Amino acid sequence: TNRASASTSRTAMRSGAMCANSGVRGVTVVLCTNYLDEAEALCDRVVALREGRQVAEGVPAELAGAVGRCVEIACGPEAIDAVRRRLATLTEMDHLDIEPMGLAATLRAGADPEPVGEMALRSAGVTAVRIRAPDLAEVFHALAAGHPAGGDPAGGDPAGGDPAAADPAWAP
């Protein structure tokens, strides 16, 4: 283990212990982190910021409910374009990303993931489909993409709907 990761691990362990014990004593702890899995594991409430502006606040599970389920589609590189074209016709889709295992579809909040999974499984080259809840990182990206810094949180995407153009960190 190098010193940087050892130091980070020790800091994370101290933060975790402090957060775990704070509820017992009735103390509020403000934890600032870029590690969303850490926030999800340690925090009762989360405030997500983008460029210093609040884009979301709530219980991690509550925030996850604001974003649809995720459908992971295992397929080879040769099948990606055909599967993307096929799934693009579904109204349940929010966005579709290319991942090392194939594709990851994020659905609109409240959308039924079953039709997406079934259509994917009927596509040539698809070997497996997994439906899961979004993690806090995916929730942050989805909520932040809808709330451009300096813009109107209710709409108005200066990148014309392309999250990668609005925020290079969002690009796959």
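Residues numbered from 1 in each chain as written. Predicted model: local features only at pLDDT ≥ 70, side-chain atom pairs only at ≥ 80, totals over all residues. Heavy atoms only, no water.

*Asks:* Run through the pairing of strand β1 (residues 46-50), naming residues and quoting values.
*Replies:* What you see with β1 is a clean split: Val46, Ala48 and Arg50 sit on the buried side and Val47 and Leu49 on the side with no burial. Of the pairings in the sheet, the one linking β1 to strand β2 (residues 53-58) comprises five bridges and is antiparallel in character. Its bridge partner being in β2, valine 46 is matched across the sheet by glycine 58. Where β1 folds back onto β2 in an antiparallel hairpin, the turn is made up of two residues, including glutamate 51, whose phi is positive at roughly 50°. (Buried < 20%, exposed > 50% of the residue type's maximum accessible area, 1.4 Å probe, protein only. Helix = DSSP H or I, 4+ residues; strand = E, 2+ residues; numbered from the N terminus. Pairing = 2+ DSSP bridges.)

*Asks:* Please set out helix α4 (residues 80-87) residue by residue, giving values where relevant.
*Replies:* Considered for burial, the residues of α4 that qualify are Ile80, Val83 and Leu87. With its buried residues spanning 70° around the axis, α4 presents them on a single face. As for α4, its buried residues are in contact with β3 (70-75), β4 (93-99), β5 (102-107), α5 (114-121) and β6 (126-132). (Arc of directions from axis to C-beta. Contact = heavy atoms within 4.5 Å.)

*Asks:* Explain the pattern of salt bridges residue by residue, including any values.
*Replies:* It is possible for side chains bearing opposite charge to pair when their charged atoms get close. In this structure the tally under the stated criterion is five salt bridges. Here glutamate 57 makes a salt bridge to arginine 45, at a shortest N to O gap of 3.7 Å. Of the two residues, glutamate 57 sits in strand β2 while arginine 45 sits in the loop between α2 (36-42) and β1, which places them twelve residues apart along the sequence. For arginine 108, the salt bridge is made with aspartate 94, and the minimal N-O distance between the two is 3.7 Å. (Salt bridge = Lys/Arg side-chain N within 4 Å of Asp/Glu carboxyl O.)

Shape descriptors only; they carry no functional weight alone.
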